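Breakdown of the fold
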Amino acid sequence: MTQSPATPLPSPKRRRRLREAAGLTQAQVADRVGVSRETVRSWESGRTTPHGREREAYAELLAEQEDEHASRRDPETVPAHAGPGTPVQRSQLALVPAGADAPPSTDPGGPTETAPSTPSPSAPDRADAPAGTGPDAPQETQPRPRTQPLTPTQAFDMLYEFCAPALVRQTYLLTGRRELARESVERAFQLAWQRWPEVAVDRDPAGWVRATAYEYALSPWHRLRPRFRHPEPPPADATDRALLAAILRLPPVHRRTLVLYDGVGLDLPDTAAETEASTPATANRLLHAREAVAARMPELSAPEELHRRLAALAGSERLHAPGPTAVRTGSERRARSWTRAAIAVTTLLVSATALTLATAPDHYEPPLSPGTTVRGVPPRAAPGTLSEDELDLRSKLRSETENGPGRLVPEGR
């Protein structure tokens, strides 16, 4: 008898995100699955994993929440056919660069690339089209575009060209430093290229890179670097300077929450998952951040106006990221440097261990016992004139044979 494979489950972080997106509490999920609230909490934290019927019920519940979340989730890209009258979502202003259609898929096995020179079969040129290729022709006679799987390099370059320009502007809002924003994005994509097998199969590769860039940009160790001790020139516009100053006065977690929700356009559960906080805590951070900004700039009390001004501030600076080839080359060069350094340190440790083994004693050597003090020995006299007793002793010793007597007998006094 063969055992059926276990039902696949999302990651623990994804489980909590789906539950919060559906507006369910841990107690409600526990009632539907038939377990305790502490069990659901351990499942979402990753400490334990469900088994048996509980696993099947939990996986079915998560699948329903996944379908509901995907059906009501707002699109994050501007359609290619969007005209002046097409409504634009909040996330389209800051996340998607100009001219982009949709975020690319980075799975090497799934995405396909269509040759740009292949004509569209649905709209042929009637003047030049040969017979049998019009819209009324049979379906099997129409040419189909040739597809080929993307290589890892092509997938990485597509992800970089799509996300890097907007991500530099986002990190500039977090730090207020142009050079640090470019460095953060470059370092994030270098790490993504080093871990590309992991990033390529991630549900949200752009979110993975964005979270890495934000973590690097908000690191407190940058204040110890000499190049970042002095502030950079502020924006030219006075209103932009006031808005940037208000944002930089916020705590880092509030600043990140404000940029993700009002700048990038993520919903509240996704913002909470990316900042590794609960949804109520993220909502409180967002409210405090908006209140702090509105206290300095009352005209930004409306969220729509704040989003528009954040997008305008991010787009006012000419921030350019390096090319994807330079990022990949720098990542490979950095990986080689760290590998050589690790090999050098390992070689040094092995050499020191070998030298220690070669010079260390291979058998037991008993320690020498400490000396004891001998009493009754007269102290050694200082050099000078010999006394009469010493002169008599010297004469006696000289008068003896060369080897001395066979046995010395002490003389009585």
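If you're wondering where the values come from, they're calculated on a predicted model, not measured in any experiment. (Residues numbered from 1 in each chain as written. Predicted model: local features only at pLDDT ≥ 70, side-chain atom pairs only at ≥ 80, totals over all residues. Heavy atoms only, no water.)

1. Some thoughts on the nonpolar core
Inclusion rule: Put simply, buried Ala, Val, Leu, Ile, Met, Phe, Trp, Tyr and Cys residues joined by side-chain atoms within 4.5 Å make one nonpolar core. Here's how the labels work: a residue is buried when its accessible area is under 20% of the maximum for its type, exposed when over 50%, partly exposed in between, all with a 1.4 Å probe on protein chains only. Numbered from the N terminus, helices here are DSSP runs of H or I no shorter than four residues, and strands are runs of E no shorter than two. Throughout, a contact is declared for two residues whenever any of their heavy atoms are within 4.5 Å.
Counting residues in each nonpolar core, the largest one holds 47 residues, and the members touching the most others are F189, W196, V209 and L243. Of all the secondary structure elements, the ones that give two or more residues to this core are helix 6 (152-175), helix 7 (178-194), helix 8 (196-200), helix 9 (205-217), helix 10 (238-248), helix 11 (252-264), helix 13 (279-296) and helix 14 (303-316). Top contributing element to this core by residue count: helix 6, with 12 residues. The residues contacting F189, other than those within four sequence positions of it, are F156, L159, Y160, C163, A164, L167, V209 and V327. Membership of the second largest hydrophobic core comes to 13 residues, among which are L9, L24, V29 and V40.

2. Some points on the packing of helix 11 against helix 13
What counts here: Think of each axis as a best-fit line through the C-alpha atoms, taken over the contacting stretch in the case of a helix, with angles from 0 to 180 degrees between the N-to-C directions. Roughly parallel refers to an angle under 35 degrees, roughly antiparallel to one over 145, roughly perpendicular to one between 65 and 115, and oblique to any angle outside these ranges. Gly is put with the polar residues, along with every residue not named as nonpolar or charged; the nonpolar set is Ala, Val, Leu, Ile, Met, Phe, Trp, Tyr, Cys and Pro, and the charged set is Asp, Glu, Lys and Arg.
Between helix 11 and helix 13, whose axes approach to 9 Å, the crossing angle comes to 95°. Here helix 13 runs roughly perpendicular to helix 11, going by the angle between their axes. Two secondary-structure elements touch here, helix 11 through V253, H254, T257, L258, Y261 and D262 and helix 13 through T282, R285, L286, H288, A289, R290 and V293. Taken together, the residues of the contact of helix 11 with helix 13 break down into 6 nonpolar, 4 polar and 3 charged.

3. With respect to helix 13
Worth spelling out the cut-off: Expected helix span is taken as 1.5 Å per residue step, with the number of steps being one fewer than the number of residues. By definition, the arc is the one covered by directions from the helix axis to the C-beta atoms.
Between its first and last C-alpha atoms helix 13 spans 26 Å; for 18 residues at 1.5 Å apiece the expected length is 26 Å, and the two agree. Along helix 13, the residues classified as buried are T279, T282, L286, A289, V293 and A294. Axial view of helix 13: buried residues confined to an arc of 130°, hence all on one face. Summarising the geometry of helix 13, the exposed residues directed more than 90 degrees from the buried face are P280, E291 and A295. Turning to helix 13, the residues buried within the fold contact helix 1 (12-21), helix 10, helix 11, helix 12 (268-274) and helix 14.

4. Notes on the pattern of salt bridges
Where we set the bar: Criterion for a salt bridge: a side-chain nitrogen of Lys or Arg within 4 Å of a carboxyl oxygen of Asp or Glu.
Counted by the stated rule, this structure contains 13 salt bridges. When the shortest N-O distance is used, the salt bridge between E276 and K13 registers 3.9 Å. Of the two residues, E276 sits in the loop between helix 12 and helix 13 while K13 sits in helix 1, which places them 263 residues apart along the sequence. For K13, a relative accessible area of 39% puts it in the partly exposed group. Salt bridges here are not isolated pairs; linked through shared partners, they connect R14, E66 and R203.

5. What about helix 10?
For clarity, the cut-off: Counting of polar contacts relies on pairs of N or O atoms within 3.5 Å, with two restrictions inside protein: one atom must be capable of donating a hydrogen and the other of accepting it, and residues adjacent in sequence are counted only when both atoms are side-chain atoms.
Of the positions making up helix 10, those classed as buried are D240, L243, L244, A246 and I247. Seen along its axis, helix 10 keeps its buried residues to an arc of 160°; they face one direction. On its buried face, helix 10 is in contact with helix 6, helix 11, helix 13 and helix 14. The N-cap residue of helix 10 is D237: its side-chain oxygen and the backbone nitrogen of T239 are 3.1 Å apart.

6. What about a negative patch on the surface?
Cut-off, in case you're wondering: Patch building starts from residues that exceed 30% relative accessible area and form no salt bridge, then joins like charges within 9 Å and nonpolar side chains (Val, Leu, Ile, Met, Phe, Trp, Tyr) within 5 Å. Accessible surface area values rest on a Shrake-Rupley calculation with a 1.4 Å probe, where residue burial reflects the displayed protein chains alone. In this tally Asp and Glu are treated as negative and Lys and Arg as positive; neither His nor the chain ends contributes. By convention, charge coordinates are those of NZ in Lys, CZ in Arg, CG in Asp, or CD in Glu.
Together, E388, D389, E390 and D392 give the surface a local cluster of negative charge. By secondary structure assignment, the location of E390 is in helix 16 (residues 388-399). For E390, a relative accessible area of 36% corresponds to the partly exposed category.

7. Some remarks on unusual backbone geometry
One non-glycine residue, E276, lies in the positive phi region at around 55°. Exposure remark for E276: the relative accessible area of 62% places this residue in the exposed category.

8. A short note on the packing of aromatic side chains
Aromatic rings in a pair are described by how distant their centres are and how their planes are angled relative to each other. Selection rule: Whether two aromatic rings pair depends on their centres lying within 6.5 Å, for rings of Phe, Tyr and Trp, where Trp uses its six-membered ring; planes under 30 degrees apart make the pair stacked, over 60 edge-to-face, and the rest tilted.
Under the criterion given, the structure shown has 7 aromatic pairs. A ring pair is formed by F156 and Y160, whose centres lie 6.3 Å apart and whose planes are at 25°; its orientation type is stacked. With a gap of 4 residues between them, F156 and Y160 both fall in helix 6, about one helical turn apart. Across this residue pair, the class does not change: F156 and Y160 are buried. Centre to centre, the rings of Y160 and F189 are 4.6 Å apart; their planes meet at 75°, and the pair counts as edge-to-face. Remark: F189 occurs in helix 7 and Y160 occurs in helix 6; sequence separation between them is 29 residues. The exposure class of Y160 is buried, given its relative accessible area of 4%. We classify F189 as buried; its relative accessible area is 0%.

9. Concerning the side chain of T271
Here T271 lies in helix 12. Classification of T271 as buried rests on a relative accessible area of 0%. Once residues lying within four places of it in the same chain are set aside, the contact partners of T271 are T257, L260, Y261, L266 and T282.

10. Regarding the confidence of the model for the protein chain
Worth spelling out the cut-off: Confidence scores here are pLDDT values: one per residue, from the predictor, ranging 0 to 100.
Of the residues in the protein chain, 74% have a pLDDT of 70 or more, and the chain-wide mean is 76. Low pLDDT, under 50, characterises residues 74-102; the stretch is placed with 48 contacts to residues that sit more than four places away or in other chains. Under a pLDDT of 50 for its full length, residues 108-141 has, in the predicted model, 30 contacts with residues more than four places off or in other chains.

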